[in-house]
Amino acid sequence: MSDHAGHTHTADAPDGAPSWTLAAKMLQDVSPVTVPEGASAMTVQVDWGPGDPGTPPHRHSGPAFGYVVEGAVRFELEGEPERVVKAGETFWEPGGDVIHYQDGNALTDAPTRFVVTMMCAPGKPMLELVGQEELAARAHLRAPRPAG
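Quantities reported herein were computed from a predicted structural model and do not represent experimental measurements.

Criteria and thresholds
Residues numbered from 1 in each chain as written. Predicted model: local features only at pLDDT ≥ 70, side-chain atom pairs only at ≥ 80, totals over all residues. Heavy atoms only, no water. Helix = DSSP H or I, 4+ residues; strand = E, 2+ residues; numbered from the N terminus. Buried < 20%, exposed > 50% of the residue type's maximum accessible area, 1.4 Å probe, protein only. Polar contact = N/O pair within 3.5 Å; in protein donor to acceptor, adjacent residues only side chain to side chain. Contact = heavy atoms within 4.5 Å. Pairing = 2+ DSSP bridges. Patch = residues over 30% accessible without salt bridge, like charges linked within 9 Å, V, L, I, M, F, W, Y side chains within 5 Å. Areas by Shrake-Rupley, 256 points an atom, 1.4 Å probe, with all protein chains shown as cover. Salt bridge = Lys/Arg side-chain N within 4 Å of Asp/Glu carboxyl O. Axes fitted to C-alpha atoms, helices over the stretch in contact; angles between N-to-C directions. Core = buried A, V, L, I, M, F, W, Y, C linked by side-chain atoms within 4.5 Å. Phe/Tyr/Trp six-rings, centres within 6.5 Å; stacked < 30°, edge-to-face > 60°. Lys NZ or Arg CZ within 6 Å of the ring centre and 35° of its normal.

Caption draft 1: Quick look at the side chain of Asn105. With respect to the helices, strands and loops of the structure, Asn105 is situated in strand β9 (residues 100–105). Residue classification places Asn105 among the buried residues on the basis of a relative accessible area of 6%. A polar atom in the side chain of Asn105 sits 2.7 Å from the backbone oxygen of Ala110. Within the structure, Asn105 has its side chain in polar contact with the side chain of Thr112 (distance 2.6 Å). If we ignore the near neighbours within four places in the chain, the residues touching Asn105 are Trp48, Gly49, Pro50, Gly51, Asp52, Ala72, Ala110, Pro111 and Thr112.

Here's what the structure looks like:
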């Protein structure tokens, strides 16, 4: 048994490094992140059936950090091109005024599951839908749509 920073571990990794040093794998490291003062955090699991378009255009009052557990998410933030985030990959959004256009299932033949942790500003909803009038007024901020 070895003791590292007050934690007891029973096995070391084959290369001689303590097993605890190899247990964590960096999945996402983003900067800068602005968290609203007094924010609360919420972690949710989202399950979309095959081809589900997901949540209509919306925004969050604080940053959100996600991990795709199964399937693939069609992901699009204002000012960024649409992309597909596959199982084992991560996504994030800064929150605030930025519109999140898509978060649906990119697969038509299989379910998709992701987990997302969101920071929510006090007194604000965790998710706010964006109306057609605002979408039209901000259309110039949306990245060009894929052909086809």
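There is more to say, and it comes next.
Caption draft 2: Local environment of the pairing of β9. The buried count for β9 comes to six of six residues, which makes it a mostly enclosed element. Bridging between strand β6 (residues 72–77) and β9 involves five bridges; their strand directions are antiparallel. Counted as the bridge partner of Phe75 is Asp103 from β9.

Caption draft 3: Region of interest: a nonpolar patch on the surface. There is a patch of nonpolar side chains on the surface, built from Leu27, Tyr67 and Val69 and spanning about 240 Å² of accessible area. On the secondary structure map, Leu27 appears in the loop between β2 (7–9) and β3 (40–48). The class of Leu27 is partly exposed, set by a relative accessible area of 43%.

Caption draft 4: Representation of the sheet that holds strand β8 (residues 90–93) within the structure. Read across the sheet, four strands follow the order β3-β10-β5-β8 without closing on themselves; strand pairing throughout is antiparallel. Sheet topology places β3 and β8 at the edges, where each strand pairs with a single neighbour. Within this sheet the neighbouring strands show an average axis-to-axis angle of 20°, counted without direction. Alignment of strand β5 (residues 64–70) against β8, held across four bridges, turns out to be antiparallel. Paired with Ala64 across the two strands is Glu93, which belongs to β8.

Caption draft 5: Representation of the nonpolar core within the structure. Core analysis: the biggest nonpolar cluster contains twelve residues, these being Val46, Trp48, Ala64, Val68, Val73, Phe75, Leu77, Val85, Phe91, Phe114, Val116 and Met118. Mapped by element, the contributors of at least two residues to this core are β3, β5, β6 and β10 (112–120). Aside from chain neighbours lying at most four places away, what touches Met118 is Ser40, Ala41, Met42, Val44, His60, Pro63, Ala64 and Met126.

Caption draft 6: The packing of aromatic side chains, seen in detail. Tallied over the entire structure, the rule returns three aromatic pairs. Ring geometry for Phe65 and Trp92: centres 5.9 Å apart, planes at 10°, overall stacked. Placement of Phe65 in strand β5 and of Trp92 in strand β8 is noted, with a sequence separation of 27 residues between them. Here Phe91 and Phe114 contribute two aromatic rings whose centre-to-centre distance is 5.5 Å and whose plane-to-plane angle is 80°, an arrangement assigned as edge-to-face. Taken together, the positions of Phe91 in strand β8 and Phe114 in strand β10 put the pair 23 residues apart, joining distant regions of the chain. Each member of the pair, Phe91 as well as Phe114, is classed as buried. An aromatic cluster is built from Phe75, Phe91 and Phe114, whose rings are joined through pairwise contacts. Between the NZ or CZ atom of Arg142 and the centre of the ring of Tyr101, over which it lies, the distance is 4.0 Å.

All quantities given are derived from atomic positions and should not be read as evidence of function.
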